[in-house]
Amino acid sequence: MRVSMLEHEQDSEQRDARQTRLIVLQMSRGGRPLQEIVARNLSNRGIGALSKTVPPIEGDQVTVHFPQGQRVTGVVRWVFRQNFGILLDQDIDPTLIQPKARHIQIIDDSPGKWHVCDRYKPETAFKRPGLRIV
């Protein structure tokens, strides 16, 4: 029993340092269409992820599509409910993996002018009978 504890400690020490992240990635496997996954942590050789739909099966060969266009293949090493881990076939630099920039459209940014989207405008008049502004 003591030997297995030492082996476990050595395996833990050999793991790459993980970076905690929440990045939406895409994954393909076995000719199925791309599916979105959320990367919870990244290391040089692995990804800890969460499946938004049906998780992969342990041993599945997968391709992970990063937002910058990079694709890396790997194998699913473990699955627990919607969570799973991927061992990558090649090293990545986790610091370079960034989420896609979100595009925000500014309609009019001059002071004093506001624009309210149609979906937030009230459709009916709201009268407040007890309200008096003096």
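Throughout what follows, the structure given in this document is the object of discussion. All values derive from a computational prediction rather than experimental measurement.

1. Description of the sheet that holds strand E5 (residues 71-80)
No. 1: What the six strands build is a closed barrel, ordered E1-E2-E3-E6-E5-E4; its pairing is antiparallel. Between one strand axis and the next, the sheet turns through 45° on average, direction left out of account.
No. 2: Sheet topology note: the strand E1 (residues 19-29)/strand E2 (residues 35-42) ladder contains seven bridges and is antiparallel. The partner of Leu25 across the bridge, within E2, is Ile37.

2. A few points about unusual backbone geometry
No. 1: Positive phi values are uncommon outside glycine, yet Arg81 reaches one of about 55°.
No. 2: Looking at where Arg81 falls in the secondary structure, it is placed in the loop between E5 and strand E6 (83-88).
No. 3: On the basis of relative accessibility, which here comes to 66%, the residue Arg81 falls in the exposed class.

3. Focus: the nonpolar core
No. 1: Membership of the largest hydrophobic core comes to 18 residues, with the highest contact counts inside it found for Leu25, Ile47, Phe66, Phe84 and Ile86.
No. 2: For Phe84, the contacting residues outside a window of four places in its chain are Met27, Ile37, Ile47, Gly48, Ala49, Leu50, Ser51, Pro56, Val76, Trp78 and Val79.

Rules of the game
- Residues numbered from 1 in each chain as written.
- Predicted model: local features only at pLDDT ≥ 70, side-chain atom pairs only at ≥ 80, totals over all residues.
- Heavy atoms only, no water.
- Pairing = 2+ DSSP bridges.
- Helix = DSSP H or I, 4+ residues; strand = E, 2+ residues; numbered from the N terminus.
- Axes fitted to C-alpha atoms, helices over the stretch in contact; angles between N-to-C directions.
- Buried < 20%, exposed > 50% of the residue type's maximum accessible area, 1.4 Å probe, protein only.
- Core = buried A, V, L, I, M, F, W, Y, C linked by side-chain atoms within 4.5 Å.
- Contact = heavy atoms within 4.5 Å.

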